[in-house]
Amino acid sequence: MTLQTPLTRLLGTRYPIIQGGMSWASSNAALALAVSRAGGLGVIAAGPMYPEALLAAIREVRAGTDAPYAVNIPLYNKRAQEHMDIALAEGVPVIIASQGGPQKHIGRAREAGVKWLQVIASPEHAAKAEAAGVDAVIAVGLEAGGHPGPDEIGLQVLLRSVVRRVSVPVVAAGGIADGAGIAAALCLGAAGAQLGTRFLLTPEAGVCDAYKDAVLAAGVADTTLVGRGRSPVRMLRNAFARDYLAAERGGDEATLETMFSGSSLKQAAFDGDVQGGKVEAGQSAGLIDSLQPAGAVVEQLVAETRDALRRAALMVG
Ligand SMILES: Cc1cc2nc3c(=O)[nH]c(=O)nc-3n(C[C@H](O)[C@H](O)[C@H](O)COP(=O)(O)O)c2cc1C
């Protein structure tokens, strides 16, 4: 059963489905390996990883499957250069770069024959990335978990504006949790979809159970954007989020900065502090009601996407 698009042809995957790189949750081999084996593109999130841990995870994925996989490298990160060196030396087939322009590193990746997907959140950044020579862009809408970008553009409008602006394949991200969402993105002109929160709710995701339980219990209105004017994060509306949002009304900059940098994703993901830490998750948390193995998630997404596309085709007279 295949689902072919310009993205599957670019990446060599069976399905146009990317597991979003998620710091901590996919900063190991397990999730990426399960997704790539199932026919999607599994992504190791290098962000918080020590170089030796990244090296070990890449080798474990490569040893576990012949299917393509990717490493996500946030470019603002102090270890970005080291992460890039490792990914290129190890012959990683795909790099997904986020949070920073591709100009500094893309030349080396091109020479090494590595595919480069660039995460963007505005049509202007998509055009710049295309001009720099990326193979595809991943358009992240406001609904997304993690850092959805400062312009706060919902996926439907962002996707249409980016598809009109660039000719490289566009991947849709943010708010997609099932095959109907993927089919909708394909109908809007995307070549594929990247899902984060859906893959967070799998046994393979490397965050603690308290984190998964909190996200599983969330409804569609239980996330919020924290840190407008800094690096906004979509996360669950927990004690930290409520305190921060209250402090935003009248709080001074220094207090806000101290509060913002005093709470972290690691605190929630690793230490299990789901009230004081940043429980990053997208609005689609409210569309997910079970923890499922990542391979089964991919299979279900593919079956649902095909159903939705068939139903759509029946509407054409
Ligand atoms: C817990 C969590 C951590 C994330 N960490 C990263 C990251 O390290 N790098 C990155 O490019 N995107 C990161 N993201 C964003 C995802 O890759 C993806 O674009 C997003 O989750 C898609 O939206 P969705 O959650 O609505 O599916 C993260 C998202 C979550 C939920």
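The structure this text deals with has already been given above.
Analysis parameters
- Residues numbered from 1 in each chain as written.
- Predicted model: local features only at pLDDT ≥ 70, side-chain atom pairs only at ≥ 80, totals over all residues.
- Heavy atoms only, no water.
- Phe/Tyr/Trp six-rings, centres within 6.5 Å; stacked < 30°, edge-to-face > 60°.
- Helix = DSSP H or I, 4+ residues; strand = E, 2+ residues; numbered from the N terminus.
- Buried < 20%, exposed > 50% of the residue type's maximum accessible area, 1.4 Å probe, protein only.
- Lys NZ or Arg CZ within 6 Å of the ring centre and 35° of its normal.
- Pairing = 2+ DSSP bridges.
- Right-handed = clockwise from strand over helix to strand, strands pointing away.
- Near = heavy atom within 4 Å.
- Polar contact = N/O pair within 3.5 Å; in protein donor to acceptor, adjacent residues only side chain to side chain.
- Areas by Shrake-Rupley, 256 points an atom, 1.4 Å probe, with all protein chains shown as cover.

Asks: Provide a residue-level description of the packing of aromatic side chains, including the pertinent values.
Replies: As enumerated under the stated definition, the model contains 3 aromatic pairs in all. Ring geometry for Trp24 and Phe270: centres 5.5 Å apart, planes at 40 degrees, overall tilted. Taken together, the residues span a long stretch of sequence, with Trp24 in the loop between strand 1 (17-19) and helix 2 (30-37) and Phe270 in the loop between helix 13 (265-269) and helix 14 (294-314) at a distance of 246 residues. Residues Tyr244 and Phe260 carry aromatic rings whose centres are separated by 5.7 Å and whose planes lie at 55 degrees to one another, so their mutual orientation is tilted. You can see Tyr244 sitting in helix 11 (residues 239-248) and its partner Phe260 sitting in helix 12 (residues 253-261), a full 16 residues away along the chain. One exposure class covers both Tyr244 and Phe260, and it is buried. Ring pairs connect the aromatic residues Phe240, Tyr244 and Phe260, which therefore count as one cluster. The cationic tip of Lys278 hangs over the ring face of Phe260; the distance from NZ or CZ to the ring centre is 3.8 Å.

Asks: Mind laying out the pairing of strand 6 (residues 136-140), listing which residues take part and the relevant values?
Replies: Taking burial as the measure, the 5 residues of strand 6 include 5 buried ones, the bulk of the element. In strand 6, alternate side chains face the same way, and those of Ala136, Ile138 and Val140 on one face and Val137 and Ala139 on the other are all buried. As paired strands, strand 5 (residues 115-120) and strand 6 are joined by 4 bridges and run parallel to one another. Bridge pairing in strand 6 places Leu117 opposite Ala136. Handedness of the strand 5-helix 6 (residues 123-132)-strand 6 crossover: right-handed. As paired strands, strand 6 and strand 7 (residues 170-173) are joined by 4 bridges and run parallel to one another. Residue pairing across strands places Val140 opposite Ala173, the latter belonging to strand 7. For the segment spanning strand 6, helix 7 (residues 155-165) and strand 7, crossover handedness is right-handed.

Asks: Let's hear about the site of the ligand: which residues, and what values?
Replies: By nearness alone, 18 residues border the ligand, and Gly21, Ser23, Asn72, Gly175 and Thr197 come closest of all. The separation between an oxygen atom of the ligand and a polar side-chain atom of Ser23 is 2.5 Å. A distance of 2.8 Å separates an oxygen atom of the ligand from a polar backbone atom of Gly175. When the ligand is considered free in solution it has 600 Å² of accessible area, and contact with the protein chains removes 94% of it.

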